[in-house]
Amino acid sequence: MACKRGALIVLEGVDKAGKTTQCNRLVQALQQSGRPAEMMRFPDRTTTIGQLISAYLEKKSDLEDHAVHLLFSANRWELVPLMKKKLEQGITLVVDRYAFSGVAFTSAKPGFCLDWCMKPDVGLPKPDLVMFLQLSPAEAALRGQFGEERYETSVFQRAVQQKFDQLRKDPAVNWQVIDASQSVEDVHENISTHSLNTVNAAQNRPLGELWK
Ligand code: NYM
């Protein structure tokens, strides 16, 4: 008999919301409860495409805005075979950013609409759960200075936040908003509860296709 599939769980949010910390905590908690789980992150800077993206984010290179959007999407598509394989093996994937970041960040640039930005990612494996770590720009500012990478300014992050607000209106995606201003422990508890429910529910459901 085929084994039950793992769940595809995504954490999204603006910078400084605590996504990476929470992804690590969640993977650890799932593993400790006997559920196979692994973390992934996008962009995955280790691949050839990922290295182009990384140089762009570090401002070591300039890329045309449409072109870099397509590279971010290609970076997800190149990992789809691996993601599907792991999910089929029963491994739950906890993913730090996905197509939603792709759309929110590019569409926050002048001259881009949500619709164009979504197109390249149509058909990606559909997350069973997307948790949006909600943090106001004022609270994010209290967590210290932004880094040196591209996009890391409060003005741009505010625009990105608005794009995420629009994306969350889509009822076809299982969005859960998490209050990221709580303590790391409280946020973790909240995320764990949603995730355990999702892991159980996803087992007997086929993997969907995003935005299709
Ligand atoms: N980003 C991330 C995009 O612009 N498009 C995408 O598709 C994805 C996945 O890259 N500022 C942006 C958001 C972040 C940056 O940062 C990646 P980090 O710290 O590696 O998550």
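Residues numbered from 1 in each chain as written. Predicted model: local features only at pLDDT ≥ 70, side-chain atom pairs only at ≥ 80, totals over all residues. Heavy atoms only, no water.

Under an unreviewed UniProt entry, the name given to the chain is Thymidylate kinase, and the organism recorded is Zoarces viviparus. In its Catalytic activity (unreviewed entry) section, the UniProt record describing the chain reads: "dTMP + ATP = dTDP + ADP". Listed under Pathway (unreviewed entry) in UniProt, the entry text for the chain is "Pyrimidine metabolism; dTTP biosynthesis." (UniProt positions renumbered as here; feature names shortened; annotations may be inferred.)

Looking only at helices and strands, the chain features 9 helices and 7 strands. What you see for the chain is a C-alpha radius of gyration of 17 Å, in line with the 17 Å of a compact globule of 212 residues. Taken along the three principal axes of its C-alpha coordinates, the chain extends 50 × 35 × 30 Å. The proportion of buried residues among the 212 residues of the chain is 48%. (Helix = DSSP H or I, 4+ residues; strand = E, 2+ residues; numbered from the N terminus. Rg over C-alpha atoms; globule rule 2.2 N^0.38 Å. Buried < 20%, exposed > 50% of the residue type's maximum accessible area, 1.4 Å probe, protein only.)

This paragraph deals with the site of the ligand. Neighbouring the ligand are 13 residues, the closest being Arg45, Phe72, Arg76, Arg97 and Gly102. Here an oxygen atom of the ligand and a side-chain polar atom of arginine 76 are 2.8 Å apart. In isolation the ligand offers 490 Å² of accessible surface; the protein chains occlude 91% of this area. Put simply, the parts of the chain that give the shell around the ligand at least two residues each are helix 3 (65-77) and helix 5 (99-107). The element best represented in the shell around the ligand is helix 5, accounting for 3 residues. Taken together, the residues of the shell around the ligand sort by class into 6 nonpolar, 2 polar and 5 charged. (Near = heavy atom within 4 Å. Polar contact = N/O pair within 3.5 Å; in protein donor to acceptor, adjacent residues only side chain to side chain. Areas by Shrake-Rupley, 256 points an atom, 1.4 Å probe, with all protein chains shown as cover. Nonpolar A, V, L, I, M, F, W, Y, C, P; charged D, E, K, R; others polar.)

A separate point is the packing of aromatic side chains. Evaluated as defined, the whole model comprises 11 aromatic pairs. Between phenylalanine 132 and tryptophan 175, the ring centres sit 6.4 Å apart and the planes meet at 70°, which makes this aromatic pair edge-to-face. You can see phenylalanine 132 sitting in strand 5 (residues 129-134) and its partner tryptophan 175 sitting in strand 6 (residues 175-179), a full 43 residues away along the chain. On the accessibility criterion, tryptophan 175 (11% relative accessible area) is buried. Site record: aromatic cluster; members linked through ring pairs are Phe42, Tyr98, Phe100, Phe132, Phe164, Trp175 and Trp211. (Phe/Tyr/Trp six-rings, centres within 6.5 Å; stacked < 30°, edge-to-face > 60°.)

What follows concerns the nonpolar core. Side chains of nonpolar character tend, in soluble globular proteins, to be buried together. Residues Tyr98, Phe100, Phe164, Leu167 and Trp211 are the most contacted members of the largest nonpolar core, which totals 41 residues. By residue number, the principal contributor to this core is helix 5, which donates 5 residues. If near-sequence neighbours (up to four positions away) are discounted, phenylalanine 100 is found in contact with Val10, Glu12, Pro127, Val130, Phe164, Leu167, Val173, Trp175, Leu210 and Trp211. Residues Ala7, Leu26, Val27 and Leu135 belong to the second largest nonpolar core, which totals 21 residues. (Core = buried A, V, L, I, M, F, W, Y, C linked by side-chain atoms within 4.5 Å. Contact = heavy atoms within 4.5 Å.)

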